Amino acid sequence: MSSYLSLIPKRPIRLLLLLALCLAGVSCDSSELNNPYRADEEPGAVLYQSFEERPKHLDPAVAYSSNEYAFIGQIYEPPFQYHYLKRPYQLSPLTATKLPEIHYLNAKGERLPDDAAISAIAFTDYLIEIKPGFYYQPHPALAKTARGDYYYHHLNSVDIASLNSLADFIHTGSRELTADDYSYQIKRLAHPKLQSPIAEIMKNYIVGFDDFSQRVADKAKFEMSALPMTGLSVISRYQYRIRIKGKYPQFIYWLAMPFFSPMPWEADAFYDQPGLRDKNITLDWFPLGTGPYLLAENNPNRRMILQKNPLYHPDYYPSEGENADRQQGLLKDAGKKLPFIDKVVFMLEKETIPYWNKFLQGYYDASGIASDSFDQAIQFTGNGAITLTEPMHQQGIRLQTAVETSIFYLGFNMLDATVGGLSERATKLRQAIAIAVDYEEFISIFRNGRGLAAQGVLPPGIFGYAEGKAGINPVIYDWTGDQARRKSIDQAKQLMAEAGFANGVDPKTGEPLILYFDTPAAGVDDRPMLNWYRKQFEKLGVKLVIRATDYNRFQEKMRNGNAQLFIWGWNADYPDPENFFFLLYGPNSKVEQGGENSGNYHNSGFDRLFEQMRNMDNTDQRYQIIQQMQAIIRHDAPWVFGFHPKTFSLYHSWYQNLKPNLMANNRLKYMRIDPVARAEKRLLWNKPVFWPLGLIAVALILLILPAIQSYRLRAQAKLA
Amino acid sequence: MINYIIRRTVYAFPLLLGVNILTFALFFIVNSPDDMARMQLGQKHVNEQAIANWKHQHGYDLPMLWNAKAPAEEKLTQTIFFQKSAGLFLFRFGVSDSGRNIGADIQERAWPSLAVALPTLIIGLVVDICCALMMVLFRSSYLEYAGMVLCVMLMSISSLFYIISGQYFIAKVLKLVPISGYDNGLAAFKFLLLPVLIGVFAGLGSGVRWYRTLFLEEVEKDYVRTARAKGLSETQTLFRHVLPNAMIPILTGVVVVLPLLFMGSLIMESFFSIPGLGSYTIDAINSQDFAIVRAMVFLGSVLYVLGLLLTDISYTLVDPRVRLS
């Protein structure tokens, strides 16, 4: 033993002892060595979330995707919002005093009664009154000197050289929200430089929008505030009016979207100064709103931080909801002042593995469930019910599910010679395919059960959706007992025979019928799904040829009508059946009009009912018309109605006031966090473990010692 | 030497121009401006007018390389290629297709890439050299044979496995460091520990083998036999004589990669959420942001040319027999 001890050199021993002391010192305060957040950054209630892809735009005139709304929904305030708790989804005033006054006018501008015939209505006025006393967040664009001049509206290159972010501007200011700001934002939608995604839609509705767009094309944005738009009037400091063409009841839902939030002209005057853009100091990256939060830090490469707006107007948690809300504790905070959370930290996490593990460690407060961690989190009971696994229960994690207001479907190009058209032959062919493609199986295999097989075009939660037996697609399903069962493959084959394709054989060639499936899903991960689709068609004896291309080539095929079968999807802009049925409205054909009717479906009976239904209020009559429309498209089968996705979300026990609301973008203000409970759990779950390191060090030493011994013996032998 | 440097710098211009043209051609063979517009505008309510407007605002409605309808020199300057690429030679990278200043983004993101790559390089170099010298010291023993087998095994395993295993074992099981993330200044230390450790470990196999080969070549030379004959111990011989002479190829191999350290490692940055230039480039490729792609390819080319020039200069510094002409 002593000979081995003598082999150990003294200097490395001192180093090892020093390392051991360091480890000991660290272990004295070894709580949460793996905490990715700084301790001094966590005063108050802080919510930690992640984002996978940095938002491209935070300008409310341009932003249109859910990852962008996650931020701007908390910063900008349109006049209306969706009630957080009530169902079905309904609008309530946000900055407005009440829902808008809606007046119908004829072509001469004369007022019509509320029940006037649609054909008589030439214009509709929306009169909106906003509440006084609402202020913008503190911002350098609104900072004024004692004389009343704007501090930062005349910056030169010397001033800008020293500035790197918005935080470098020392002075900030605020002012009251006015009706002018809402008017200015609508004008911004029309400015060609901003390329608002809804500009082309609004041209069809807001009077004078198109003309205004052409007049301001070569003007600076803030100069628009002085230019009039025919269909837009500011009546008083707190009142404005929007005039649209014809009758379009769904316009009110657009008014609840960030596109129609207010924007002070000072924002464009400030941000459009030369030089600021070179520093990435733009409105697209540093929003300016009246909402409960402001964007305190915007580093889309690492993290984005929302901080409570110190000038946020009084806003209170709702006192009403659905019947079950009280039992679930969702009305505990009724009447209390919002928001409850002081700060929201969004961290960029591109990969699911680190994101999932940080959630389990308590460093994220909520999480989705990726496919590779699904089995860790979810298990199915004997009767098919979904529940969390035991480790999840032990951590106190809760599961929330919600059916999205979306649909994914397999579409037929109705202009195609084989699968298109409304002939009996083509219709029966499509019906047979719709029976054969088993979307219940698809959901089970590829979505881990996270979906609801679609019975028609409307998802749950949208007016017109029927539950149970009344809502099934009788072409595809039979109602047996208490549930819908897919018809048998024999019935599908019978339809094929009636269509002239007995056993899947094309009578023209005598060979199996060949159909082409165009898809942008060309990756290795998509192969199992594409093989699955092939097998569904093989049940009918039909050969499905996959034509996989990149996304842009696929879009080109769809525009030119060269696709035969394809997969498509739609997520609701607003909770109205018009936003789904318009996808099948003839004049919206993708090939002929460049519209959203991707299958180019055209049935004049359906179109007539759509034109009748789209402007109606939610009455029994409207409901009946919707059922007739569903019956038509179920019979014609322009789509194989796929599924409505179901989201599974996991939340830690300290995260409260959660209720799925798929329409509202501004839910964060209602959430509550218990930071004390979270700190306790994190401490419990994140105690570092040191002994394996010691074990590895000992193993290395034991490995090297014989070699050192051998070397020394060799050296001594040489000397000898 | 000054003449040599000037000459190499001048040679770089046609090279960089060629790289620019090749990048341009490759990018637009696969993507058209219409495709780029659709990628930026999203999927909802996108019609031909919106696409045309986007292309006009971003300058993609011009001809690609030659504008036949324009007068005089504008036939060349009023083209997408000139508008998007000319400023590169003045290091004016312009604005990305999503509206952010590229130069500012590059400046911000270069340092996190360097914060991972530089320690990985230096520590990796030290560890690899020490292990290689140990193997040479204990050559023909079980330690060397076991070491060689271990090196081959380490080389055979994908770096992705190291990353996932490292995160699982050290961050999740042992809870010693954060799984991912980044911070500014000294606070970045705890976030860099794991990626640097993994980077060093992943490069251990190939580095040790390579340096061992260099040292073994030197060990057989006459001056080493002379050193031993003079009575120096094996360790003294290795560290004072073999190592300095073997440093010439080592040093030149290291110098060439120094400028490229800024470009970052894509996989490492993705898994560890490090806001570096590697993930910046791949995000731009995925979103078909030509402005960023061409800026990063140009920057990479410049850094590579610079690296080669530094390598040539370093040769003259470490080997007095070499002269640049």
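Basis of the calculations
- Residues numbered from 1 in each chain as written.
- Chains lettered and ligands numbered in written order.
- Predicted model: local features only at pLDDT ≥ 70, side-chain atom pairs only at ≥ 80, totals over all residues.
- Heavy atoms only, no water.
- Helix = DSSP H or I, 4+ residues; strand = E, 2+ residues; numbered from the N terminus.
- Contact = heavy atoms within 4.5 Å.
- Lys, Arg positive; Asp, Glu negative; His and termini not counted.
- Charge placed at Lys NZ, Arg CZ, Asp CG, Glu CD.
- Pairing = 2+ DSSP bridges.
- Axes fitted to C-alpha atoms, helices over the stretch in contact; angles between N-to-C directions.
- Buried < 20%, exposed > 50% of the residue type's maximum accessible area, 1.4 Å probe, protein only.
- Core = buried A, V, L, I, M, F, W, Y, C linked by side-chain atoms within 4.5 Å.
- Phe/Tyr/Trp six-rings, centres within 6.5 Å; stacked < 30°, edge-to-face > 60°.
- Lys NZ or Arg CZ within 6 Å of the ring centre and 35° of its normal.
- pLDDT = per-residue confidence, 0-100.
- Buried area = accessible area lost by both parts, 1.4 Å probe.
- Salt bridge = Lys/Arg side-chain N within 4 Å of Asp/Glu carboxyl O.
- Polar contact = N/O pair within 3.5 Å; in protein donor to acceptor, adjacent residues only side chain to side chain.
- Nonpolar A, V, L, I, M, F, W, Y, C, P; charged D, E, K, R; others polar.
- Expected span 1.5 Å × (residues − 1).
- Disulfide = S-S within 2.5 Å.
- Patch = residues over 30% accessible without salt bridge, like charges linked within 9 Å, V, L, I, M, F, W, Y side chains within 5 Å.
- Areas by Shrake-Rupley, 256 points an atom, 1.4 Å probe, with all protein chains shown as cover.

Scanning chain A from terminus to terminus reveals 24 helices and 25 strands. Overall, the C-alpha framework of chain A stretches about 110 × 85 × 50 Å when taken along its three principal axes. Sequence-distant contacts, at least 24 apart, represent 70% of the contacts inside chain A between residues at least 6 apart. Between the centroid of the 77 positive side chains of chain A and the centroid of its 76 negative side chains there is a distance of 5 Å.

The next point concerns the sheet that holds strand β1 (residues 46–51) of chain A. All names here are of chain A. Ordered in space as β1-β11-β10-β9, the four strands form an open sheet in which the pairing is mixed. In this open sheet, the two edge strands, each paired with only one partner strand, are β1 and β9 (293–299). The mean inter-strand angle of the sheet, taken between neighbouring strand axes irrespective of direction, is 20°. Pairing between strand β10 (residues 303–308) and strand β11 (residues 343–348): five bridges, direction antiparallel. If you follow Met304 over to β11, its bridge partner there is Phe346. In the packing of helix α3 (residues 66–75) onto the sheet, the strands contacted are β1, β9, β10 and β11, and the crossing angle to β9 comes to about 140°.

With that settled, the discussion passes to the pairing of strand β20 (residues 514–519) of chain A. All names here are of chain A. The pairing of β20 with strand β21 (residues 543–548) spans six bridges and is classified as parallel. Across the sheet, residue Ile514 finds its bridge partner in β21, namely Lys543. The sheet contact formed by β20 and strand β22 (residues 565–571) spans two bridges and is parallel. Note that in β22 the partner of Asp518 across the bridge is Phe566.

Residue and element names in this part refer to chain B. Residues Ala50, Ile51, Asn53, Trp54, Lys55 and His58 constitute the buried set of helix α3 (residues 48–58). For α3, the secondary structure elements touched by its buried residues are α2 (33–41) and α5 (80–85). Note on α3: the residue one or two positions beyond its end, Gly59, has a positive phi of about 75°.

In terms of nonpolar packing, the biggest core is built from 172 residues, with Ile206(A), Ile242(A), Phe251(A), Trp254(A), Phe260(A), Phe581(A) and Tyr655(A) touching the most fellow members. With 48 residues, the next largest nonpolar core counts Met135(B), Leu176(B), Leu192(B) and Met268(B) among its residues.

Take the packing of aromatic side chains next. The geometry of an aromatic ring pair comes down to the distance between the two centres and the angle between the two planes. Residue and element names in this part refer to chain A. For the coordinates displayed, the defined rule picks out 58 aromatic pairs over all chains. Pairing Trp254 with Phe259 gives two aromatic rings, centres 6.5 Å apart and planes at 50°, and the pair type is tilted. Assigned by exposure class, Trp254 and Phe259 land together as buried. Arranged with centres 5.1 Å apart and planes meeting at 80°, the rings of Trp532 and Tyr533 form a pair that is edge-to-face. Just as Trp532 is buried, Tyr533 falls in that class too. Three or more aromatic residues joined by ring pairs form one cluster here, namely Phe408, Tyr439, Phe442, Phe446, Phe517, Trp532, Tyr533 and Phe643. The ring centre of Phe123 lies 5.8 Å from the NZ or CZ of Arg243, which sits over that ring.

Residues and elements named next belong to chain A. Residue-level pLDDT values for chain A average 90, and 94% of them are 70 or greater. Taken as a whole, residues 1–9 scores under 50 in pLDDT and shows eight contacts with residues more than four places along the chain or in a different chain. Segment residues 24–29 is flagged for pLDDT under 50; beyond a separation of four residues in sequence, or across chains, it makes three contacts in the model.

Another aspect to go through is the pairing of strand β8 (residues 239–245) of chain A. Residue and element names in this part refer to chain A. Where burial is concerned, the two faces of β8 differ: the one with Tyr240, Ile242 and Ile244 is buried and the one with Gln239, Arg241, Arg243 and Lys245 is not. Here strand β6 (residues 123–129) pairs with β8 via seven bridges, running antiparallel. Residue Phe123 lies in a different strand from β8, and its bridge partner there is Lys245. Following strand β7 (residues 232–236), the chain reverses through two residues before pairing antiparallel with β8.

With 60 residues of chain B at the interface, the matching set in chain A holds 64 residues. For the pair chain B and chain A, the two sides together bury roughly 5,500 Å², of which 50% comes from carbon and sulfur. For the interface between chain B and chain A, the tally reads three salt bridges. Close ionic contact of Lys350(A) with Asp283(B) constitutes a salt bridge, the shortest N to O distance being 2.6 Å. Remark: the boundary between chain B and chain A carries 14 residue pairs in polar contact (both at pLDDT 80 or more). Its residues placed into classes, the side of chain B that touches chain A shows 25 nonpolar, 21 polar and 14 charged.

This part takes up helix α8 (residues 159–173) of chain B. Here α8(B) spans 20 Å end to end across 15 residues, near enough to the 21 Å set by a 1.5 Å rise per residue. Regarding α8(B), the residues found buried are Tyr162(B), Ile163(B), Gly166(B), Gln167(B), Ile170(B) and Ala171(B). Next to the buried residues of α8(B) lie α11 (352–360) of chain A together with α7 (142–156), α9 (189–202) and α13 (266–272) of chain B. Capping of α8(B) at its N-terminal end is provided by Ser158(B); its side-chain oxygen lies 3.0 Å from the backbone amide nitrogen of Leu160(B).

Right, let's get into the state of the cysteines. Residue and element names in this part refer to chain B. Tallying each qualifying case throughout the model produces zero disulfides over all chains. No disulfide involves Cys131; its nearest neighbouring cysteine sulfur is the one of Cys130, lying 6.9 Å away. A residue is classified by how much of its surface remains accessible, and Cys131, at 29% relative accessible area, is partly exposed. We note that Cys151 lacks a disulfide partner, and the nearest cysteine sulfur, in Cys131, lies 7.8 Å from it.

What follows deals with a nonpolar patch on the surface. Where nonpolar side chains cluster on the molecular surface, the patch consists of Leu693(A), Ile696(A), Leu700(A), Leu703(A), Tyr142(B), Tyr168(B), Phe169(B) and Val173(B) and spans about 710 Å² of accessible area. Elements supplying a minimum of two residues to the nonpolar patch: α24 (691–719) of chain A together with α8 of chain B. The element contributing the most residues to the nonpolar patch is α24(A), with four residues. Within the secondary structure layout, Phe169(B) lies in helix α8. The class of Phe169(B) is partly exposed, set by a relative accessible area of 36%.

Before going further, it helps to examine the environment of Val254(B). Residues and elements named next belong to chain B. Note on placement: Val254 falls in helix α12 (residues 234–257). Put simply, Val254 and Leu121 are 133 residues apart on the chain and 8.3 Å apart in space, counted from C-alpha to C-alpha. The contact partners of Val254, leaving out residues within four places of it in the chain, are Leu121 and Leu125.

So, on to unusual backbone geometry. All names here are of chain A. The omega angle of the peptide bond from Arg87 to Pro88 is -5°, so this bond is cis rather than trans. Along the chain, Pro88 turns up in the loop between β2 (80–82) and β3 (91–93). Here the residue pair Leu338 and Pro339 is connected by a cis peptide bond, since its omega of -10° sits within 30 degrees of zero. Of note, Pro339 is situated in the loop between α10 (323–327) and β11. Within the chain, Gln195 stands out as a residue other than glycine whose phi angle is a positive 50°. Considering the arrangement of structural elements, one finds Gln195 in the loop between α5 (179–190) and α6 (199–203). For Gln195, a relative accessible area of 11% gives the class buried. Of note, Asn503 is a non-glycine position whose phi angle comes to about 60°, a positive value. Tracing the chain through its elements places Asn503 in the loop between α16 (489–498) and β20. In this structure Asn503 comes out as exposed when scored by relative accessible area, which is 65%.

All names here are of chain A. Relative to the helices and strands, Trp568 is located in strand β22. Classification of Trp568 as buried rests on a relative accessible area of 14%. Taking the C-alpha atoms as reference, Trp568 lies 37 Å from Ala96; in sequence the two are 472 residues apart. For Trp568, the contacting residues outside a window of four places in its chain are Ile407, Phe408, Tyr409, Phe554, Gln555, Met558, Lys590 and Ser598.

Looking now at the confidence of the model for chain B. The predicted coordinates ought not to be read in detail in places where the model reports low pLDDT. Residues and elements named next belong to chain B. Per-residue pLDDT for chain B has a mean of 84; in total, 98% of the residues score no lower than 70. Mean pLDDT across the elements of chain B bottoms out in α2 (77) and peaks in α9 (93). Quick note on the complex model: pTM equals 0.85, ipTM equals 0.82.

Attention now moves to the sheet that holds β8(A). Residues and elements named next belong to chain A. Taken together, five strands build an open sheet; the order of strands is β5-β4-β6-β8-β7 and the sheet is antiparallel. Either end of the sheet is taken by a strand with one partner, and the two such strands are β5 (111–112) and β7. Sheet analysis places strand β4 (residues 101–105) next to β5, joined by two bridges and oriented antiparallel. Across the sheet, residue Leu105 finds its bridge partner in β5, namely Arg111. Contacting β7 and β8, α5 crosses the sheet at an angle of about 175° to β7.

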